[in-house]
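Commentary on secondary and tertiary structure
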Amino acid sequence: MKNARDAVLEKYSAKVYKNRKEHIVEVDREAAEQKIAANSRSVPGIMTNRGCCYAGCKGVVLGPLKDALVLTHGPIGCGFYSWGTRRNKAKAEDGRNFIQYCFSTDLQEPDIVFGGEKKLRQAIKEAMEIFSPKSIMICSTCPVGLIGDDIHAVAAETEKLYGITCVAFSCEGYKGVSQSAGHHIANNGIMRRVIGTGDAAPKSKYSVNLLGEYNIGGDGWETERILKRIGYDVIAVLTGDGSIEDLKNAHMANLNLVQCHRSINYIAEMMKTRFGINWLKVNFVGIEATITSLRETAEFFGDDELKRRTEAVIADELAEIAEQRAYYKSKLSGKTAALYVGGSRSHHYQYLLRDFGVKTVLAGHEFAHRDDYEGRCVIPTIKEDADNKNIESITVDVDPDRFSTFLPEDRRNELYGKIQLEDYKGIIPDMETGDIVVDDLNHFETEAFLETLKPDIFLSGIKDKYVLQKSGVVSRQLHSYDYSGPYSGFRGAVKFAHDLTMGLYTPAWGLVTPPWKDEPMLVGTIG
């Protein structure tokens with residue numbers, strides 16, 4: 001009998017089959033190694049759900065910064081990712097919160113022909129007059145890279161003219177193979193120009209940064225609430241509800257907590273090299289996952305009183321949600337789910353689903369690299385292709401004045417392998433035999449796996465959500481939560497379970513009969 005993977009792949013032509021078979025893996029826990037193709041170009045003509053390099057830089061990493069005026073230099077169509085697409089929540093400080101605005105130079109045909117630098121300078125002038133920002137981030141889109149506007153020169157002029165921080169990001173959409181390239185570019189710019197430029201001392205030795213948390217639906221606020229209850233000093237969040245002023249002091253923390261591995265691991269590694277700050281892979285999505293992350297964070301600091309407070313907070317949070325947790329588990333237990341989301345979410349949400357008895361049968365990422373699937377142990381074996389060489393990998397040196405490691409070497413060696421200290425095991429080792437893992441899932445494969453695997457729930461993104469709903473399958477949109485959330489931590493877990501239960505027990509899409517099922521859409525006659 002054909003498995004689900006082969007049943008889907010056999011529909012392809014020989015050329016496409018050769019490409020896609022490397023991107024789809026059926027998990028075998030007994031296999032010594034399971035390799036998957038990732039971070040390579042999508043097959044031309046296939047309906048991929050990926051975003052572009054600009055979307056990763058502006059839309060994901062820089063967009064949530066509340067006190068930075070992020071200016072899109074390009075046609076207004078590129079402004080789609082410059083406002084309101086991901087529900088990054090932020091609270092204004094000293095009246096500055098720019099994330100609800102869409103700033104664009106709105107390049108027209110004459111600007112493409114004669115150059116757009118003049119228009120960029122004028123846009124910055126207007127921005128300064130109207131908003132008086134302390135920092136401006138310039139993000140370029142495809143036409144800007146093609147015509148050669150020097151946005152970095154304009155940024156340098158802006159700093160001299162207005163006395164503010166102005167950073168340019170050459171994140172043209174065509175660079176790299178997906179939005180992952182934009183994450184890398186944003187990380188480089190922030191590390192070069194922002195982190196390490198402040199000098200505010202932490203309030204406690206239990207000082208942490210929360211990396212790869214974008215505060216969608218308030219996730220970051222819920223995570224911070226729990227950390228602060230225990231007694232941690234959260235210095236900076238990169239970048240949900242984040243500010244440039246906080247990022248300047250991020251190098252003062254004793255530990256970096258990495259939530260989304262793919263979008264922010266570059267900064268985590270560079271801060272370790274330059275400032276000596278260790279990083280820990282965490283996951284605050286899911287009840288048991290949150291408990292594990294809190295315990296491992298306390299283990300890192302190695303303080304008995306901190307561990308005691310951690311256990312007390314965990315017990316209190318669990319007691320608060322106990323009744324709801326039991327109710328929703330009775331409603332969801334035995335259901336199956338598929339996940340196709342960016343970042344580490346396809347991995348994280350399996351833990352949350354498992355908390356309520358839901359089995360994941362398929363999981364995939366939009367823009368992952370092999371280490372996101374197989375674990376960081378494979379990094380030395382990953383070969384760069386021409387697309388990846390378009391993205392600058394900067395090298396940082398030790399800062400002799402600010403290098404400070406919290407852990408002694410013997411304690412650090414003791415913790416390696418015990419907790420996820422500077423390690424991420426990836427998604428494949430955490431799935432069961434027979435489960436399907438897919439890189440760069442497309443619309444055809446989405447519909448084909450719906451037929452073969454028949455999941456009760458398919459958690460996805462905005463581009464493919466409606467394909468699923470029209471097929472009568474419940475879909476929660478995990479890039480902006482369909483105006484719900486937060487889904488992180490203990491309270492967020494039962495909020496997520498509530499939303500899933502509503503969808504499953506009010507199956508509105510399943511009650512709709514599409515017209516093409518009852519009558520032909522095309523009618524023809526033979527002459």
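Residues numbered from 1 in each chain as written. Predicted model: local features only at pLDDT ≥ 70, side-chain atom pairs only at ≥ 80, totals over all residues. Heavy atoms only, no water.

Next up on the list: the overall build of the protein chain. On a plain count of helices and strands, the protein chain comes out with 19 helices and twelve strands. Since a compact globule built from 527 residues should have a radius of gyration of about 24 Å, the 24 Å found for the protein chain is in line with a globular shape. Across its three principal axes, the protein chain shows a C-alpha extent of roughly 70 × 70 × 45 Å. Residues classed as buried in the protein chain amount to 57% of the 527 residues present. Summing over all exposed atoms, the protein chain offers an accessible surface of approximately 22700 Å²; the carbon and sulfur share of this is 52%. Averaging the coordinates of the 65 positive side-chain charges in the protein chain and doing the same for the 73 negative ones gives two points 1 Å apart. (Helix = DSSP H or I, 4+ residues; strand = E, 2+ residues; numbered from the N terminus. Rg over C-alpha atoms; globule rule 2.2 N^0.38 Å. Buried < 20%, exposed > 50% of the residue type's maximum accessible area, 1.4 Å probe, protein only. Areas by Shrake-Rupley, 256 points an atom, 1.4 Å probe, with all protein chains shown as cover. Lys, Arg positive; Asp, Glu negative; His and termini not counted. Charge placed at Lys NZ, Arg CZ, Asp CG, Glu CD.)

Attention now moves to the sheet that holds strand β4 (residues 165-169). Reading across from one edge, β2-β3-β4 is the order of the three strands in this open sheet, with parallel pairing throughout. For this open sheet the edge positions go to β2 (68-73) and β4, each flanked by a neighbour on one side alone. Neighbour-to-neighbour, the strand axes of the sheet open up by a mean angle of 20°, direction not taken into account. Where β2 and strand β3 (residues 135-140) come together, six bridges link them in parallel fashion. Bridge pairing links L71 to I138 in β3. Here helix α5 (residues 117-131) sits on the sheet and contacts β2 and β3; the angle it forms with β2, its principal contact strand, is near 155°. (Pairing = 2+ DSSP bridges. Axes fitted to C-alpha atoms, helices over the stretch in contact; angles between N-to-C directions. Contact = heavy atoms within 4.5 Å.)

What follows covers helix α11 (residues 261-275). The end-to-end C-alpha distance of α11 is 19 Å, a good match for the 21 Å that 15 residues give at a rise of 1.5 Å each. Burial runs high along α11: eleven of the 15 residues are buried. Looking at α11, one finds that the buried residues are H261, R262, S263, I264, N265, Y266, I267, A268, M270, M271 and F275. G276 occupies a position one or two residues after α11 and carries a positive phi of about 80°. (Expected span 1.5 Å × (residues − 1).)

Before going further, it helps to examine the side chain of H347. Examined against the element boundaries, H347 turns out to sit in helix α14 (residues 345-355). A polar atom in the side chain of H347 sits 3.3 Å from the side chain of D430. Beyond its immediate stretch of four places on either side in the chain, H347 contacts H365, Y424, G426, I427 and D430. (Polar contact = N/O pair within 3.5 Å; in protein donor to acceptor, adjacent residues only side chain to side chain.)

For the rest of this paragraph, the subject is a nonpolar patch on the surface. On the surface, a cluster of nonpolar side chains totalling about 350 Å² of accessible area is made up of I112, V113 and F114. Relative to the helices and strands, V113 resides in helix α4 (residues 109-114). Residue classification places V113 among the exposed positions, given a relative accessible area of 62%. (Patch = residues over 30% accessible without salt bridge, like charges linked within 9 Å, V, L, I, M, F, W, Y side chains within 5 Å. Salt bridge = Lys/Arg side-chain N within 4 Å of Asp/Glu carboxyl O.)

What follows concerns the pairing of strand β5 (residues 207-213). Counting buried positions along β5 yields seven of seven residues, so the element is predominantly enclosed. In the sheet, β5 pairs with strand β6 (residues 233-239) via six bridges, with the strands oriented parallel. Residue pairing in the sheet places L210 in a bridge with V237 of β6. You can see the chain leave β5, run along helix α9 (residues 219-230) and come back into β6, and the turn it takes is right-handed. Across four bridges, the pairing between β5 and strand β7 (residues 255-258) is parallel. In the strand pairing of β7, L211 is matched with V258. (Right-handed = clockwise from strand over helix to strand, strands pointing away.)

Across all of its chains, the model carries 15 aromatic pairs by this definition. With a centroid separation of 5.2 Å and an interplanar angle of 65°, the aromatic rings of Y12 and F444 are classed as edge-to-face. One end of the pair, Y12, is in the loop between α1 (4-9) and α2 (14-20); the other, F444, is in helix α17 (residues 443-453), with 432 residues separating them in the sequence. The exposure class of Y12 is buried, given its relative accessible area of 16%. Here the aromatic rings of F300 and F406 are separated by 5.8 Å at their centres, their planes lie at 25°, and the arrangement is stacked. Here F300 is found in helix α12 (residues 287-301), whereas its partner F406 is found in the loop between α15 (370-374) and α16 (409-415), with 106 residues between them in sequence. Within the aromatic cluster, the residues linked to one another by ring pairs are Y206, Y232, F300, F301 and F406. (Phe/Tyr/Trp six-rings, centres within 6.5 Å; stacked < 30°, edge-to-face > 60°.)

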